[in-house]
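What follows is each chain in one-letter form.
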Amino acid sequence: MAGVGYAVLPPVQMYAQEGRSYALVAAAVVWATYLMLRERWVAYAVVLVLGCWLHEFAVLALPAHAFAAWRSRGWRLAAGAVMAALLPLALVSARQAQQQLGWLGRPSWQDWAAYGILAAASLLLARGAARELVRVALPLALLPPGLLLAVSLVHPWYVDRYVLYALAGFALLAGARLATARGWWVWPLVGVLLVPVGLWSAWLRTPESRKDDARAVAAAVRELARPGDAVLFLPSRRREWLLSSPEAYGSLRDLALSRTPAASRSLQGVERTPEEIRAALLDPAVDRVVALLDPVGQPLDGYPAEAVKRQTLVSHFDLCSVTDVRGARVALFARPGNCP
């Protein structure tokens, strides 16, 4: 019952569709939780290490597991082994934290509200449940997102998908409550609840459910740009928009790019230094710049190169037009007096 409940949760369905690591991380944490209950400590450590190597924030499952297993010497040894195996990766990634996570802002009120709903629902489901189940499921549901939210007040690292596996704790509580529920009203209530879940699930299978539309961005660029125009990605990670439609950008000059994504074996490529970007923008041959921007309301990247892009565009170019598409803005800048 809990497995079915977990599978139908819309956030789980969303990331199950995407070719990223979050589904595998969630599977690793769920299997590690099972192995913890079976006291198979070597297998537990191996599986959780794999989950942590896929995404380091899987390590937040350890304090959740501690509520059920901290008295066990086997668990303490396994937890120490997980930490030791993760340490080299943590040392390397600590030096990359700003580059990898610097785009994040502090948790929004929506993040806190979503956590409050999860906490309230989990606590309600835990009432009257078996103590052993609560000791496993409730910390798993609440601690990983709660700890990451708290840390993000100082270091903004919170994204809900980073702790997607915590929903397994909620699903355990919900499944146990359904399995022990009595009365004719239970299944009609489940049927009513499945209606919005079904609608949400159907919406998740449409393009409109995604945070941006790379094809719409490419179409806006085709309509706006002329051959020989310059293009600028603000921030640089938005260069990934061109991967699905490289022909739309083929006639444009990428002023900030030093090494292509293919040459650097990365999604965004390697950009020039701030001084080089400024010099490229101020080149008299650059009359028009197509700028690909985040939507309104997104935090501005604080990297020097991104600041130079923004400052140089504002001080030396006129903003001619802005086209809003889902998850992006496509702006045209031109030298003063040269807007179409």
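Shown above is the structure to which this text applies.
Reading the values: the criteria
Residues numbered from 1 in each chain as written. Predicted model: local features only at pLDDT ≥ 70, side-chain atom pairs only at ≥ 80, totals over all residues. Heavy atoms only, no water. Phe/Tyr/Trp six-rings, centres within 6.5 Å; stacked < 30°, edge-to-face > 60°. Helix = DSSP H or I, 4+ residues; strand = E, 2+ residues; numbered from the N terminus. Buried < 20%, exposed > 50% of the residue type's maximum accessible area, 1.4 Å probe, protein only. Axes fitted to C-alpha atoms, helices over the stretch in contact; angles between N-to-C directions. Parallel < 35°, antiparallel > 145°, perpendicular 65-115°, else oblique. Left-handed = near helix turned anticlockwise from the far one by under 90°. Contact = heavy atoms within 4.5 Å.

(A) Structural view of the packing of aromatic side chains. Under the counting rule described, the total for this entry stands at 7 aromatic pairs. Here Phe233 and Tyr249 contribute two aromatic rings whose centre-to-centre distance is 6.1 Å and whose plane-to-plane angle is 40°, an arrangement assigned as tilted. Here Phe233, found in strand S1 (residues 230-234), pairs with Tyr249, found in the loop between S1 and strand S2 (253-254); they are 16 residues apart in sequence, far enough to count as distant. Considered together, Phe233 and Tyr249 belong to a single accessibility category, that of buried residues. Members of the aromatic cluster, connected to one another through ring pairs, are Tyr15, Tyr22, Phe57, Trp157 and Tyr162.

(B) Region of the structure containing unusual backbone geometry. Following Leu234, the chain continues to Pro235 via a peptide bond in cis, the omega torsion being 5°. Inspection of the secondary structure assignment puts Pro235 in the loop between S1 and S2. Located in the positive-phi region is Glu39, a residue other than glycine, with phi close to 55°.

(C) Examining the packing of helix H4 (residues 41-54) against helix H6 (residues 73-94) more closely. Between H4 and H6, whose axes approach to 9 Å, the crossing angle comes to 30°. Taken together, the axes of H4 and H6 lie roughly parallel to each other. Like other packed secondary-structure pairs, H4 and H6 cross with a definite hand, here right-handed. Contacts between H4 and H6 pair Trp41, Tyr44, Ala45, Leu48, Val49, Cys52 and Trp53 from the former with Gly74, Trp75, Ala78, Val82, Ala85, Leu86 and Leu89 from the latter.

The analysis is restricted to geometry; functional conclusions fall outside its scope.
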